[in-house]
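Okay, here's what each chain looks like letter by letter:
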Amino acid sequence: MSAPDLPRIAVGALGGTIAMTSADGRAVSPSLSAADLTAAVPGLATLADLSAETLAMLPSGSLDESIVLSALAWARAAVAGGAAGVVLTQGTDTLEESAYLLDLFWDLPEPLVVTGAMRSPQAPGADGPANLVAAVTCAAAPDSRGRGVLVAFDDQIHLARWVAKTDSISTGAFRSPVFGPVGRVVEGATVYGATVRHPARLALPDPMPVAGLPRVALVGTHLGDGGALLDVLTETGRADGVVVAGFGAGHVSAAMAEAVGRAAAVMPVVFASRTGSGPTGRAMYGYPGSEVDLLARGAVGAGWLPPVKARLLLWSLLLTGLGGGVAEAFADRGRP
Ligand code: ASP
């Protein structure tokens, strides 16, 4: 196929290891543009009619919700301009978060695929080129349409809703705990398993506020936690909502449960499981600090959403004025 016959795919780059180099062969930092990335991959131009745009050049820990929503607007514009699909490259550290935030608002059938790399371009066995090929293949495939935001990594395709970085170094860092990948890229083509349910997409406020965005905190817990950190948030008013990454099925200490109750009296509080796999409980345990206790104190269970995704869902609900429907939203979006 010649370029005009190929599907048009827009590639937007946000930075991350996939775009990181070093002048002295030591520690890397972001330096490559989207055009550099696409030009460096042999054969990529035979898969799609590519356009490339550098949206940011950051380590992914320095991305934030506003940057991700700007990338969303750019992706929407690319589709409006005729792209059949969109690829975003970014750092892997927060990729599971950006992908989920994009997914909450991506209401177009065109695939939006996020990828990155665990090894920088100058490293032996750099995985960026293969991941970019997988992502472009995925974005260009007609059977990727209507699946929301996907993450293509290591020739696996994951739903943004469940994907997680589960290893700090390995090239196979991305997994979807419990539910597994939804597809694979095999011999240049996508292969999908069963179709999955997609909760309705949220609508961004129009116009988008530039200031006063929701402040949703993520609070961990630990052996002997007396709830002091959560109380600071409650007492200072520094958060509009809180997610607690609880033990096991979403549990906390009895003292922390008191703090959850105090917080839930003034803002939405969601409890999630810090385990990285499995849902919050609903009616299994009844002691102080259990899910039954936290629910009775006004907190909401995150269901199958891990803490970081629960935080983004709560943030998005507050952004879109749906803060009154937190329990209903988590009941719907926190399950497969
Ligand atoms: N620290 C890097 C980042 O998230 C890791 C990566 O891209 O893989 O930007």
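Figured I'd write up the structure that's included with this text. The structure displayed is predicted, hence computed values, not measured ones. (Residues numbered from 1 in each chain as written. Predicted model: local features only at pLDDT ≥ 70, side-chain atom pairs only at ≥ 80, totals over all residues. Heavy atoms only, no water.)

## A few points about the pattern of salt bridges
Then step 1. Under the defined criterion, the tally for this structure stands at 11 salt bridges.
Then step 2. For Arg335, the salt bridge is made with Asp332, and the minimal N-O distance between the two is 3.8 Å.
Then step 3. Ionic contacts of the salt-bridge type, sharing partners, join the residues Arg197, Asp332 and Arg335 into one network. (Salt bridge = Lys/Arg side-chain N within 4 Å of Asp/Glu carboxyl O.)

## Quick look at the side chain of Thr89
Then step 1. Secondary-structure assignment places Thr89 in strand E5 (residues 85–89).
Then step 2. Residues within four places of Thr89 in sequence aside, it is in contact with Gly12, Ala13, Leu14, Gly15, Ile18, Leu37, Thr115 and Leu132. (Helix = DSSP H or I, 4+ residues; strand = E, 2+ residues; numbered from the N terminus. Contact = heavy atoms within 4.5 Å.)

## Considering the nonpolar core
Then step 1. Val87, Val270 and Phe330 are the most contacted members of the largest nonpolar core, which has 79 residues in total.
Then step 2. The element contributing the most residues to this core is helix H2 (residues 65–80), with 8 residues.
Then step 3. The contact partners of Phe330, leaving out residues within four places of it in the chain, are Val270, Val300, Gly301, Ala302, Leu305, Ala310, Leu313, Leu314 and Leu317.
Then step 4. Core analysis: the second largest hydrophobic core is formed by 19 residues, Ala259, Ala263, Met267 and Leu294 among them. (Core = buried A, V, L, I, M, F, W, Y, C linked by side-chain atoms within 4.5 Å. Buried < 20%, exposed > 50% of the residue type's maximum accessible area, 1.4 Å probe, protein only.)

## Things to note about the packing of aromatic side chains
Then step 1. Scanning all chains against the criterion turns up 4 aromatic pairs.
Then step 2. Ring geometry for Phe153 and Phe174: centres 4.6 Å apart, planes at 45°, overall tilted. Placement of Phe153 in strand E7 (residues 149–153) and of Phe174 in strand E10 (residues 174–175) is noted, with a sequence separation of 21 residues between them. When sorted by exposure, Phe153 lands in the same class as Phe174, which is buried.
Then step 3. The interplanar angle of 40° and the centroid separation of 4.8 Å between the aromatic rings of Trp162 and Phe179 together place this pair among those described as tilted. (Phe/Tyr/Trp six-rings, centres within 6.5 Å; stacked < 30°, edge-to-face > 60°.)

## Observations concerning the sheet that holds strand E1 (residues 8–15)
Then step 1. Across the sheet, which stays open at both edges, the 8 strands sit in the order E4-E1-E5-E6-E7-E8-E11-E12 with mixed pairing between neighbours. Every other strand in the sheet has two partners, leaving strand E4 (49–58) and strand E12 (189–192) as the edge strands with one partner each. When the angles between neighbouring strand axes are averaged without regard to direction, this sheet yields 25°.
Then step 2. For E1 and E4, the ladder comprises 7 bridges, and the chain directions are parallel. Opposite Ala10, over in E4, you have Ser51 as the bridge partner.
Then step 3. Most of the contacts of helix H4 (residues 128–140) go to E5, to which it runs at about 155°, and overall it touches E1, E4, E5, strand E6 (112–115), E7, strand E8 (156–159), strand E11 (183–186) and E12. (Pairing = 2+ DSSP bridges. Axes fitted to C-alpha atoms, helices over the stretch in contact; angles between N-to-C directions.)

## Details of the sheet that holds strand E15 (residues 269–273)
Then step 1. One open sheet holds the 4 strands; their spatial order is E13-E14-E15-E16, and the pairing between them is parallel. Lying at the two open borders of the sheet, with one neighbouring strand each, are strand E13 (216–219) and strand E16 (300–301).
Then step 2. Taken together, the 2 bridges between E15 and E16 define a ladder with parallel strand orientation. Each residue of the ladder has a partner; that of Phe271, found in E16, is Gly301.

## Notes on the packing of helix H5 (residues 228–236) against helix H6 (residues 254–264)
Then step 1. One way to put it is that H5 packs onto H6 with a least axis distance of 9 Å and a crossing angle of 15°. It follows that H5 is roughly parallel to H6 by the angle criterion. You can see that H5 and H6 cross each other, and the crossing is left-handed. Counting all contacts with H5, which are made through Leu230, Asp231 and Thr234, the residues of H6 involved are Met256, Ala259, Val260, Arg262 and Ala263.
Then step 2. The residue inventory of the contact of H5 with H6, partitioned by class, reads 5 nonpolar, 1 polar and 2 charged. (Parallel < 35°, antiparallel > 145°, perpendicular 65-115°, else oblique. Left-handed = near helix turned anticlockwise from the far one by under 90°. Nonpolar A, V, L, I, M, F, W, Y, C, P; charged D, E, K, R; others polar.)

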